[in-house]
Amino acid sequence: MNTSALPAALAEIVDDFQAVTEPERLQLLLEFSRELPELPDRLKDHPELMEQVVECQSPLFLTIETEQSDGGAARSVRLFFKAPPEAPTTRGFASVLHEGLDGLSPAEILAVPDDMPELLGLTRAITPLRMRGMTAMLGRIKRKVAALPQQS
């Protein structure tokens, strides 16, 4: 599968998934689930600052923050996710998106194809409902990024 349209970090993750067998892909997703960063203290005690992705089978909350350039427009986007440890698939998807998108510019995130989760090669190993959850996570991130103030 062609990953040339993806940002470098995300393309590398997709290549890693595509390079292994289907059972190994599930193991790789589990490894990602263990790497999801903890929320910073400023978000831990303020759930109202996060938005639930209701399409996910397990409770998943996310938010974005931006680092501004001198002109006031967003220079880079920081991603934050909260998912319970007992939801490794959801945590794994969130971790893939975090590692692949965190720190990118709004334009780079908006350019990620909506069907990117399918490139991981998990569609036969993961239920369609769970795959829809990852697609919804990406869609929610892109919607939040699209709503950011644009540079004039």
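Below you will find a few notes about this structure. (Residues numbered from 1 in each chain as written. Predicted model: local features only at pLDDT ≥ 70, side-chain atom pairs only at ≥ 80, totals over all residues. Heavy atoms only, no water.)

Quick word on the pattern of salt bridges
It is possible for side chains of opposite charge to pair when their charged atoms get near one another. Applying the stated criterion to the full structure yields 11 salt bridges. The partner of Glu 51 in a salt bridge is Arg 140, and the shortest N-O contact between them spans 3.1 Å. In this pair, Glu 51 is assigned in strand S1 (residues 51-52) and Arg 140 in helix H6 (residues 128-146), connecting sequence segments 89 residues apart. Under the relative-accessibility criterion, Arg 140 is labelled buried at 11%. With its nearest N and O atoms 3.5 Å apart, the salt bridge here joins Glu 67 to Arg 75. Because the salt bridges share partners, they merge into one network encompassing Glu 51, Glu 55, Arg 140, Arg 143 and Lys 144. (Salt bridge = Lys/Arg side-chain N within 4 Å of Asp/Glu carboxyl O. Helix = DSSP H or I, 4+ residues; strand = E, 2+ residues; numbered from the N terminus. Buried < 20%, exposed > 50% of the residue type's maximum accessible area, 1.4 Å probe, protein only.)

Section: empty space enclosed by the protein
Tallied over the entire structure, the rule returns 1 cavity of 30 Å³ or more. Put simply, the largest cavity is a space of about 40 Å³. Contributing to the lining of the largest cavity are Cys 56, Gln 57, Thr 89, Thr 90, Phe 93, Leu 129, Arg 130 and Gly 133. Looking at the lining of the largest cavity, the elements with two or more residues in it are helix H4 (88-101) and H6. (1 Å grid on protein atoms, 1.4 Å probe; cavity = no way out; pocket = protein on both sides within 12 Å on 5 of 7 lines; lining within 4 Å. Points joined across faces, edges and corners; volume = space filled by probe spheres on them.)

Some points on the packing of aromatic side chains
The full count for this structure, using the stated rule, is 1 aromatic pair. Centroid distance Phe 17 to Phe 32: 5.8 Å. Interplanar angle 25°. Geometry classified as stacked. Taken together, the residues Phe 17 in helix H1 (residues 8-18) and Phe 32 in helix H2 (residues 22-34) connect sequence positions 15 residues apart. For Phe 17, a relative accessible area of 0% gives the class buried. (Phe/Tyr/Trp six-rings, centres within 6.5 Å; stacked < 30°, edge-to-face > 60°.)

What about H1?
Among the residues making up H1, those that are buried are Leu 10, Ala 11, Ile 13, Val 14 and Phe 17. Taken around the axis of H1, the buried residues stretch over an arc of 160°, which confines them to a single face. For H1, the exposed residues lying more than 90 degrees away from the buried face are Ala 8 and Glu 12. Elements that come into contact with the buried residues of H1 comprise H2 and H4. (Arc of directions from axis to C-beta. Contact = heavy atoms within 4.5 Å.)

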